[in-house]
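# Coordinates in review
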Amino acid sequence: MTTPEKRGEGAGRARYTCRLRVSSTARTGLMAEWARCRWVWNECVARSRKAADAAIGATKTALIERARKHARDIRLVHPAHTTMDCAHCGARAKHRIPLSGRTYTCTACGTVSPRDKNSARVMLIRAGLNPAGAEGARPPGALLPEAA
Ligand SMILES: [Zn+2]
């Protein structure tokens, strides 16, 4: 068994170099393989997006159908930039907030609010509703959390 001090000896001095000389035939083959890999990757991304779009479309259709069936008010809003727009002043942030960023801070008016609440308010405004009256409110006929 080695001690940590002995394992570390010379570890910083090791240096490896490698040069790969590839013939033009091999280079052509590698480039063709790279093009194939790129094609497969792009195809997978495209199919994944298509499947996600189909799932979102099916969910949206089902939601609209349910709302009509139960005579509910449903409003569709454009989802673009809902996390970038300020619900208070309407200014749009120049950059997307990463998903890990949970707080929205408006650079124009200085409003600070939880990211999801800000985007919910933006959606309410886009739907023509007043977000000030929606805090803690439930739609008429909604089940209580205990009963759901
Ligand atoms: Zn603002």
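Residues numbered from 1 in each chain as written. Predicted model: local features only at pLDDT ≥ 70, side-chain atom pairs only at ≥ 80, totals over all residues.

For the protein, the name recorded in an unreviewed UniProt entry is Cas12f1-like TNB domain-containing protein, with Streptomyces pacificus as its organism.

### Brief notes about the confidence of the model for the protein
Averaged over every residue, the pLDDT of the protein is 86; residues scoring 70 or more account for 84%. In this model, residues 1-6 is a region of pLDDT below 50 whose contacts with residues beyond four sequence positions or in other chains number one contact. (pLDDT = per-residue confidence, 0-100. Contact = placed C-beta atoms within 7 Å.)

### Quick look at helix α3 (residues 115-126)
Compared with the 16 Å implied by 1.5 Å per residue over 12 residues, the 17 Å span of α3 between its first and last C-alpha is a close match. Every buried residue of α3 is accounted for by Asn-118, Ser-119, Arg-121 and Val-122. Buried positions in α3, seen along its axis, are confined to an arc of 155° and lie on one side of it. Those residues of α3 that are buried are in contact with β1 (103-105) and β2 (112-114). One or two steps after α3, the chain reaches Gly-128, where phi turns positive at roughly 85°. (Helix = DSSP H or I, 4+ residues; strand = E, 2+ residues; numbered from the N terminus. Expected span 1.5 Å × (residues − 1). Buried ≥ 20, exposed ≤ 12 C-beta atoms within 10 Å, placed from the backbone. Arc of directions from axis to C-beta.)

### Re helix α2 (residues 24-69)
Because each turn of an α-helix spans 3.6 residues, side chains separated by three or four positions end up pointing in the same direction. The terminal C-alpha atoms of α2 lie 67 Å apart, and with 46 residues this matches the ideal 68 Å at 1.5 Å per residue to within 8%. Just beyond α2, the residue with positive phi is Ala-71, at close to 50°.

### Observations regarding the environment of Ala-67
Assignment of secondary structure puts Ala-67 in helix α2. Ala-67 sits in the partly exposed class, given 13 other C-beta atoms within 10 Å. Excluding residues within four positions of it along the chain, Ala-67 makes contact with Arg-72 and Ile-74.

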